[in-house]
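# Observations on the model geometry
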Amino acid sequence: MVEASLSKAVRRRRAALGAMSSLVALGAAMEANAQSGPAADQVGEIVVTGTNIRRSGFQAPAPLQVVGRQQIETAGIVQFNDLLKTIPGNSGSEQFTEATPRAGTSQFNLRGLGYTSTLTLVNGRRAGISPLSDETGGEFVDINQFPLSMVQRVEVLKDGASAIYGSDAVAGVVNIITRTDLDGLELSGAYADATNQSGNLSFAYGRAFERGRIGVFGTWYEQSGAKRTDFDWLVKRVGGDGVLGRSQLINTNGAPSSYRIGGRNAQGQPVGLTGGVAFADPNCEAAGGVFRINDDGSVNRTTCQIDFADQVGIIPNARRLQLYTQAEYQLTDRVKVFSEVSFSRNTSRTHKGPGSFTNGLVTANASGNIFIPGSHPFNFFVRDPASSTRIMYIGPEAWNPAIHTGVDLVASSRVFGAPYFEELAGERRSQTDYARFMGGLEIGLGRRWEARTFYQFASAEFTDRQDYRFKADALNSALLRGTVNPFGTSVVSPGLVSPKDGTSRAANSQAVLDEVLTQSLDKALARQHVLDAIISGPLVTLPTGPVSLAVGGQYRRSDLKDIPDLLQASGRGDSPAVGFPIRGEQSVKAAYAEIDADVGPRANLQLALRWEDYGDPVGSSVDPKVAGRVSPIDGLTFRGSLGTSFQAPTIRQTSESRTRIFVNDPTSFVNGVLTCRDTGATTNADVLTRGDQSLRPQSSVNYNLGVVLQPVRGASASLDYWRYEYKDLVAAGASAQAILQNDCRDGVPNDPRIVRSAAGGISEIVTSFVNVGRVITDGFDLAASYRFDTRWGAFEAAIDATYLKKFDVYGGEGGAFDGAGSRNFANNFRTMPRWRGSTTLRWERGRVGATISGRYIGGYRNDQSNDAHVESYKTMDLSVSYGFTTWSQARPLVITVGADNVFDAPPPALTRANAQGQVLTPAVFNYSDRPGYDAYSGVDLRGRVLYARFRQSF
């Protein structure tokens, strides 16, 4: 079946390839009839990116954006993560990730097609994979593992290149080119102040000697953390503007909680009685709880909720130690050895309070509620004599053991609340160690032919430790014995002695905490081996020009281990959900060939073909690519490409992936019954996505057509049209949000994939990976620049912009939809505004320089709230630099000061609208959906960032 589908795909691709070849041949004929003369094509020299053939003066037949060393040094780019904002074709990357293991990581996501669809290279070679994944099981390269001081430039090939580089280059390639022209030592550093603070110290050392050269680079980076309440605009949008009862950052799993009447069934199992009416802890507010204010202004005093705004940090404290070395040595006139070695230790630390506990004894008609027996020494509730479903509170001061008998209770509870949310009360600490080794040989074969081979090993090990995790058996047992006090008296009256037994004290002692709480430890490990060999050189010289050939082969193997905390994974921790260790590997064999031919003095043709074999059950694929460039007259160039891609499911997509995201819950409790009544409430939910061994590979066809104008010296403008057609794209069968919305289509919330507590809180949403059908996306890239010299100095102006015309998805559980210009909250994709762009004006005169940049992210629809319009995001950046004469006039001390987001524009609010499409205004509390900003839109939530940096060479 797989082979049959592949043969059909190959036939279709060959037909498309023939059509593209005809187009390039037509362009060559046009060029042959054009006036003779030297081509003035200055699109940008390609040395590594986009081809396996080395050729001096080669020009790109595909759109290429280059972020050079000067741009890095004159902008507020102090870590790799900051590069994302400079690439308009990048969409859907995470810059700040709340409460997930990916906090502190950074990744490219060209065209919004997913992390796995963008291949990140270092000097044209694969850079390993992260041990983590996104919620779709997509693998990525964490670019925060590399020191920025090693970068000469970053080349972004915004065109599918799987025929050259393999399966992960579907949407494009990001190639990090390292510095090889450094002679001596360079020290640099930076300090930035915003909502949080950050700083780094870096060094770069390079030395060329008679038969080789060496480079050593390193960075120490550190940043402080920030909480939600550190952002005034966030408190205003989702925090009730200081009125906690209107905040979206409160939850029904309170501490103290609200209680319902309980009991035991015929088998003696604890149960909550049907129809039980909630009664809030009398010490709710005094112990740090909150009562929600309803839309009509009334206060819901039956449910004690908790303010979890600062339970976890929104920006983690982070430290990164990054080292990278490179060397090459000419053994003989024809043999050169080269190597790269890198290491990085990235740590992330944020404070963390106790989370929800949904693994209590009450499971018969509710999910994991705690059970508190009537005999508990601080249970001062009795059955209401007027109602069999109600309870009433007596209180310790009025309790008389001779008269009163406690009633069994059930509760959806955090057990430990606000006092444990304080800064440094508990922590979540993650650490990722990256190591990469590459060694190779380059052999001159004569007549300008050469052979290159290398072996690369990359390893990444992740550990995640979290305080305040529950031991379910110990906690449930302690509640039955009465040694843990979940009531508000533990906070309000810690010295209270129970009138029930005369000995128990209300406070939860450290010994009690040690008994029921633990620290969890999750681990993940990813390894990648790559063995590559290639031979290239001039094949023949025709009257129209030289024809060069490259042929090669590659073997890749990726291994992944994911070891969850044993207690939590066994269902005996915070949640009854059972997790399984993941262990798998993926081996790929590939052979490829590439031809580069000048078909005239003004035209060039590239042909590439790659075969990749993943073995059973995935199979193999043959992927061709053709690209051409023709310049009929000076200053005018046409370029185009057509290629196909093949991408196998990742290891996680055939096993499982777990993440935590914000969702809108369209249900609420009405008189103790879960009802489809959307109040706009949002919550942070665990999402488990189960893998499927029967997943089909995804394949795509991508096109690119462009024109380049160079009307005068120093000026260049280009316009490119791109299109990707995906088939069998692998993604979650239904997003967590879609599952929630579809659950209420029939008016009865009963989807078994949604696991809830008795209070209606979402414990977990379960979905699965599937092939979702077809995706067609297209758009335009626009780039222009002009550099000119005057007596007042040199000026350079540039603009880069991307317009997303279409992102149509066909198939999947949610049916067809258009993701262009949408937040895509209710499906498996990410934010895709139609417009992204940046402009830059640079001035230099002698040792002084200044840069002003503007960045723009267009508005889009918020499909979480009836397609309310989210405003565009516009920022301006400024920087000024000056070179001071120090010990050497040729190597001045360069000081740069600047500001990103000069006018302190906050991220646009996730505007909400009612069912009639009326937009809620800031005058209405909670006019923004949680989390109050869009983490996938590319905005920087820190606001204005003031920075200073220095660079001194020796």
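In this text, all values refer to a predicted model and were calculated from it rather than measured experimentally.

The next thing to look at is the overall build of the protein chain. When helices and strands are counted, the protein chain shows nine helices and 47 strands. Considering the protein chain as a whole, with its 954 residues, one finds that 58% of them fall into the buried category. Within the protein chain, residue pairs in contact and separated by at least 24 positions form 71% of the contacts whose partners lie at least 6 positions apart.

Applying the stated rule across the entire model yields 26 aromatic pairs. Taking the centre distance of 6.2 Å and the plane angle of 55 degrees together, the rings of F817 and F829 count as tilted. Of this pair, F817 sits in strand 40 (residues 817-818) while F829 is found in the loop between strand 40 and strand 41 (835-845), placing the two residues twelve residues apart along the sequence. Look at F829 and you get buried, because its relative accessible area is 12%. What links up through ring pairs into an aromatic cluster is the set Y259, F279, F381, Y393 and F487. Lying across the ring of F454, R125 places its NZ or CZ 5.6 Å from the centre.

What follows concerns the sheet that holds strand 14 (residues 299-307). Pairing within the open sheet is antiparallel, and its three strands lie in the order 9-14-13. On the outer flanks of this sheet lie strand 9 (250-251) and strand 13 (289-293), each paired with one strand and no other. In the sheet, strand 9 pairs with strand 14 via two bridges, with the strands oriented antiparallel. Looking across to strand 14, one finds that N251 is bridged to I306.

Side chains of L185, L187, L201, W220, L321, L323, F343, W887, F950 and F954 sit close together on the surface and give an oily, nonpolar patch of about 870 Å² of accessible area. Broken down by secondary-structure element, the contributors of at least two residues to the nonpolar patch are strand 6 (184-193) and strand 15 (317-330). Turning to its location among the elements, W220 is positioned in strand 8 (residues 212-223).

Leaving glycine aside, a negative phi is the common case for residues, and trans is the common case for peptide bonds. For the bond running from A255 to P256, omega is 5 degrees, close enough to zero to count as cis. Residue R111 is not a glycine yet carries a positive backbone phi of 65 degrees. If you trace the backbone, R111 turns up in the loop between helix 2 (69-74) and strand 2 (118-122).

Overall, mixed pairing links the five strands, which are arranged 1-4-5-2-3 in an open sheet. Pairing within the sheet leaves two strands with one partner each, and these edge strands are strand 1 (64-68) and strand 3 (125-126). The sheet contact formed by strand 4 (residues 151-157) and strand 5 (residues 172-178) spans six bridges and is antiparallel. Residue V151 lies in a different strand from strand 5, and its bridge partner there is T178.

Examined bridge by bridge, strand 24 (residues 545-563) and strand 25 (residues 582-598) share 16 bridges and lie antiparallel to one another. Paired with L560 across the bridge in strand 25 is G584. Here ten bridges tie strand 25 to strand 26 (residues 603-613), and the two strands are oriented antiparallel to one another. Within strand 26, the position partnered with E594 by the bridge is A608. The hairpin turn running from strand 25 into strand 26, its antiparallel successor, is four residues long, and G600 in that turn takes a positive phi close to 145 degrees.

The subject of this paragraph is the state of the cysteines. Inspection of every chain in the model, using the stated rule, returns two disulfides. The partner cysteine of C284 in its disulfide is C304, sulfur to sulfur 2.2 Å. A torsion of 90 degrees about the S-S bond marks the disulfide between C284 and C304 as right-handed. Of the two residues, C284 sits in the loop between strand 12 (279-280) and strand 13 while C304 sits in strand 14, which places them 20 residues apart along the sequence. Here C284 falls in the buried class, since its relative accessible area comes to 0%. In this model, C676 is linked to C744 through a disulfide, with the two sulfur atoms separated by 2.2 Å. Residues C676 and C744 are joined by a disulfide whose S-S torsion is about -90 degrees; by sign, that bridge is left-handed. Taken together, the residues span a long stretch of sequence, with C676 in the loop between strand 31 (673-675) and strand 32 (682-690) and C744 in the loop between helix 9 (736-743) and strand 36 (754-756) at a distance of 68 residues. Look at C676 and you get partly exposed, because its relative accessible area is 25%. For C744, a relative accessible area of 18% gives the class buried. Each disulfide of the protein chain joins two cysteines, and with those cysteines numbered along the sequence the arrangement is 1-2, 3-4.

Once that is clear, we can look at the environment of A685. Following the sequence through the fold, A685 ends up in strand 32. Between the C-alpha atoms of A685 and S763, which are 78 residues apart in sequence, the distance is 6.5 Å.

So, on to the pattern of salt bridges. Applying the stated criterion across every chain yields a total of 43 salt bridges. R319 is the salt-bridge partner of E222, the closest N and O atoms lying 3.1 Å from each other. You can see E222 sitting in strand 8 and its partner R319 sitting in strand 15, a full 97 residues away along the chain. Taking relative accessible area as the criterion, E222 reaches 31% and is therefore assigned partly exposed. A salt bridge links R602 to D634, with the shortest nitrogen-to-oxygen separation between them at 3.0 Å. Here the residue R602 occupies a position in the loop between strand 25 and strand 26, and D634 occupies one in the loop between strand 27 (620-633) and strand 28 (636-647), the gap between them amounting to 32 residues. Taking relative accessible area as the criterion, R602 reaches 4% and is therefore assigned buried. Look at D634 and you get partly exposed, because its relative accessible area is 45%. In this structure, a network of salt bridges that share partners links the residues R213, E328, K336 and E442.

Regarding helix 5 (residues 472-481), the residues found buried are A472, A474, L475, N476, A478 and L479. Buried positions along helix 5 lie against strand 17 (370-372), strand 22 (449-470) and helix 7 (510-516). Of the residues one or two after helix 5, G482 is the one with positive phi, at around 85 degrees.

Bringing the confidence of the model for the protein chain into the picture now. A low pLDDT score tells you not to read the predicted coordinates there in detail. Averaged over every residue, the pLDDT of the protein chain is 86; the share at 70 or more is 90%. Within the model, pLDDT remains below 50 along residues 1-46, and this stretch shows 76 contacts once partners closer than five positions in the same chain are excluded.

A separate point is the side chain of T831. Within the secondary structure, T831 is located in the loop between strand 40 and strand 41. Owing to a relative accessible area of 1%, T831 belongs among the buried residues under this scheme. In this structure the side chain of T831 is engaged in a polar contact, spanning 2.6 Å, whose partner is the side chain of D934.

The next point concerns the side chain of R414. Within the element layout of this structure, R414 appears in the loop between strand 20 (409-411) and strand 21 (427-446). It is D307 that comes nearest to the buried, bridge-free R414 among opposite-charge side chains, at 9.4 Å. A polar side-chain atom of R414 sits 3.3 Å from a polar atom in the side chain of Q311.

Cut-offs applied
Residues numbered from 1 in each chain as written. Predicted model: local features only at pLDDT ≥ 70, side-chain atom pairs only at ≥ 80, totals over all residues. Heavy atoms only, no water. Helix = DSSP H or I, 4+ residues; strand = E, 2+ residues; numbered from the N terminus. Buried < 20%, exposed > 50% of the residue type's maximum accessible area, 1.4 Å probe, protein only. Contact = heavy atoms within 4.5 Å. Phe/Tyr/Trp six-rings, centres within 6.5 Å; stacked < 30°, edge-to-face > 60°. Lys NZ or Arg CZ within 6 Å of the ring centre and 35° of its normal. Pairing = 2+ DSSP bridges. Patch = residues over 30% accessible without salt bridge, like charges linked within 9 Å, V, L, I, M, F, W, Y side chains within 5 Å. Areas by Shrake-Rupley, 256 points an atom, 1.4 Å probe, with all protein chains shown as cover. Salt bridge = Lys/Arg side-chain N within 4 Å of Asp/Glu carboxyl O. Disulfide = S-S within 2.5 Å. pLDDT = per-residue confidence, 0-100. Polar contact = N/O pair within 3.5 Å; in protein donor to acceptor, adjacent residues only side chain to side chain. Lys, Arg positive; Asp, Glu negative; His and termini not counted.

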